[in-house]
Amino acid sequence: MTIIGGTTLLIANSLSNQTLAYSMLQNKNRSEKDAATEYRKTWAAKIRRIHRFFGPDRADSLHILNLISADSNLRYGLLNDPTVGVEVRKAFDALELPQRGIDTRHRVVACGESYIPSPLMHVAITAKRLVEAGEVNTIVELGSGSSDNLFRCYHLIDWPFRQSVEFFGCEFTEKGREAAELLASREPEMQFTGYPFNYYKPDLDFLKDRPRKIMFFSNHSIEQITTLPDVFFETLLQFPGCHVAHNEPVGWQAHPLVAKARRTGDKAFFEKIRSNLTLLPTWKERYSFDPVLRAYARTPVSFNSGFWSFSKGYNTNLLEQLNTLKAAKRIQISTLEIHHAPGNLFVPAAVNPFNASTFIEWNNLSSAVTPVATEGTGTSTPAP
Ligand SMILES: C[S@@+](CC[C@H](N)C(=O)[O-])C[C@H]1O[C@@H](n2cnc3c(N)ncnc32)[C@H](O)[C@@H]1O
């Protein structure tokens, strides 16, 4: 097998190792069972971690999450600070970043002895904006796991808005819902409810109990669904005027070459990426005679994320579905920022540069508030 480009280390790998590795690369479809098995364990471990930081001192959900992730809160309003404003604005100009007060989608952060732009987009920040503008009073996370995003969101939203908001953590696994309940027990003032939820059989009828202004969001949970079914969008579109935000690793779906290879299950294409998988393409890749490697060197994040999706069976059709709905004028897409961040912004330790996040915001063009169910509120789909 020929290894084109790549590092010396890769070339030094034995042929037998390469052959073994390649033989394991498959065009996977991620099943409900795969995800359930993996996430039952993930959320059971999270429950153990929550207990470790639960403490006798009644720390609230945010303290617990920050202790778990050793995270620090995002800082707001720096651009409006009269002391540092001018200097920070200059830094934004130097990096050619948009700077419209705190509306900018990026901030400048220090990294070693350099300042680099860092994205300031997160589903919780969108939720904060919409709640404080009076556009939303119900926030629903889909595939929420332990609902960390909702607890962070609750703490981000200014007083007194946060207490008037209802939060719903819709999660597939029982263990994830259990972890969320544990965190919710430390937030007696928060209106939080956990529900079972399955993207393949979505049931959100419990939201039809009264008129609501809803924001739905997903954060690296649609990634788990190889082919998101039409019924998922039809379910969301039952809620006129709803706002939706996704932070999902789907940016590669906009890259024609990678999207085509993923669509056709082109194993040879992804084996080539795998043998070159890198964060910094080499000069060999940049000037390779192989057009695929040259394209890889120009857009490594798209190629790596496409490879990640191929090897894990991660989502293949979110962008396509949204573009179809947009063309039919059923939704309006207000934000599409491809590869704005690696992994999860709030958990720097867990970021995966090969599974880069893309941020999408859209809203349902049929306006009005939630239709109220006339008979019963339906039942939630049982999930593991
Ligand atoms: C990477 S975790 C993200 C959890 C959470 N959104 C967060 O940001 O912390 C993926 C989540 O998707 C959920 N999931 C997997 N399959 C699902 C399905 N068929 N329907 C709904 N959620 C699913 C998992 O249980 C897990 O909680």
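Residues numbered from 1 in each chain as written. Predicted model: local features only at pLDDT ≥ 70, side-chain atom pairs only at ≥ 80, totals over all residues.

S.K.: Which residues make up the overall build of the protein chain, and what values do they have?
M.R.: Counting secondary structure elements, the protein chain contains 15 helices and nine strands. Put simply, 75% of the contacts in the protein chain that link residues at least 6 apart link residues at least 24 apart. (Helix = DSSP H or I, 4+ residues; strand = E, 2+ residues; numbered from the N terminus. Contact = placed C-beta atoms within 7 Å.)

S.K.: I'd like to hear about the site of the ligand, residue by residue, with values.
M.R.: Residues in contact with the ligand amount to 22 residues; listed here are only the nearest, Ala 35, Tyr 39, Gly 143, Gly 145 and Phe 172. Elements with a minimum of two residues in the shell around the ligand: α3 (32–54) and α7 (148–156). Taken together, the residues of the shell around the ligand break down into seven nonpolar, twelve polar and three charged. (Near = placed C-beta within 6 Å. Nonpolar A, V, L, I, M, F, W, Y, C, P; charged D, E, K, R; others polar.)

S.K.: Please set out the confidence of the model for the protein chain residue by residue, giving values where relevant.
M.R.: If pLDDT is low for a region, its predicted coordinates should not be looked at in detail. Mean pLDDT for the protein chain: 81, with 74% of residues reaching 70 or above. Within the model, the stretch residues 1–23 combines pLDDT values under 50 with 22 contacts to residues more than four positions away or in other chains. (pLDDT = per-residue confidence, 0-100.)

S.K.: Explain the nonpolar core to me, using residue names and the numbers behind them.
M.R.: Within soluble globular proteins, side chains that are nonpolar tend to cluster in buried spots. Ranked by size, the top nonpolar core spans 59 residues in total, and within it Ala 127, Ile 139 and Met 215 carry the most contacts. In contact with Ile 139, not counting residues within four places along its chain, are Ala 127, Leu 150, Cys 153, Val 165, Phe 167 and Met 215. (Core = buried A, V, L, I, M, F, W, Y, C linked by C-beta atoms within 7 Å. Buried ≥ 20, exposed ≤ 12 C-beta atoms within 10 Å, placed from the backbone.)

S.K.: Summarise the sheet that holds strand β8 (residues 331–342); cite the residues concerned and give the values.
M.R.: Pairing is mixed in the open sheet, where seven strands are placed in the order β5-β4-β3-β6-β7-β9-β8. In this open sheet, the two strands that pair with only one neighbour each are β5 (191–196) and β8. Pairwise comparison of adjacent strand axes, ignoring direction, gives a mean angle of 15° for this sheet. Relative to strand β7 (residues 243–248), strand β6 (residues 214–219) runs parallel, the two sharing five bridges. Across the sheet, the residue bridging to Ser 218 is His 246, located in β7. Where helix α15 (residues 318–327) meets the sheet, it contacts β7, β8 and β9 (356–364), and its direction lies at approximately 160° from that of β8. (Pairing = 2+ DSSP bridges. Axes fitted to C-alpha atoms, helices over the stretch in contact; angles between N-to-C directions.)

S.K.: Provide a residue-level description of the environment of Arg 210, including the pertinent values.
M.R.: When you line up the elements, Arg 210 lands in the loop between β5 and β6. With 163 residues separating them in the primary sequence, Arg 210 and Ala 373 have C-alpha atoms 7.8 Å apart.

S.K.: Break down helix α11 (residues 267–274) for me, with residues and values.
M.R.: Looking at α11, one finds that the buried residues are Phe 269, Phe 270, Lys 272 and Ile 273. Burial along α11 is one-sided: seen end-on, the buried residues are contained in an arc of 150°. Structurally, α11 contributes buried residues whose contacts are with α10 (256–263), α13 (291–298) and α14 (300–312). (Arc of directions from axis to C-beta.)

S.K.: Outline the packing of helix α6 (residues 123–132) against α7, supporting the account with residue identities and numerical values.
M.R.: Interhelical geometry of α6 versus α7 gives an angle of 40° and a closest axis separation of 9 Å. Relative to α7, α6 is oriented oblique. Along this stretch, α6 crosses α7, giving a crossing that reads as right-handed. Along the contact surface, α6 presents Val 123, Ala 124, Ile 125, Ala 127 and Lys 128, while α7 presents Asn 149, Arg 152, Cys 153 and Leu 156. Classifying every residue of the contact of α6 with α7 by side-chain character gives six nonpolar, one polar and two charged. (Parallel < 35°, antiparallel > 145°, perpendicular 65-115°, else oblique. Left-handed = near helix turned anticlockwise from the far one by under 90°.)

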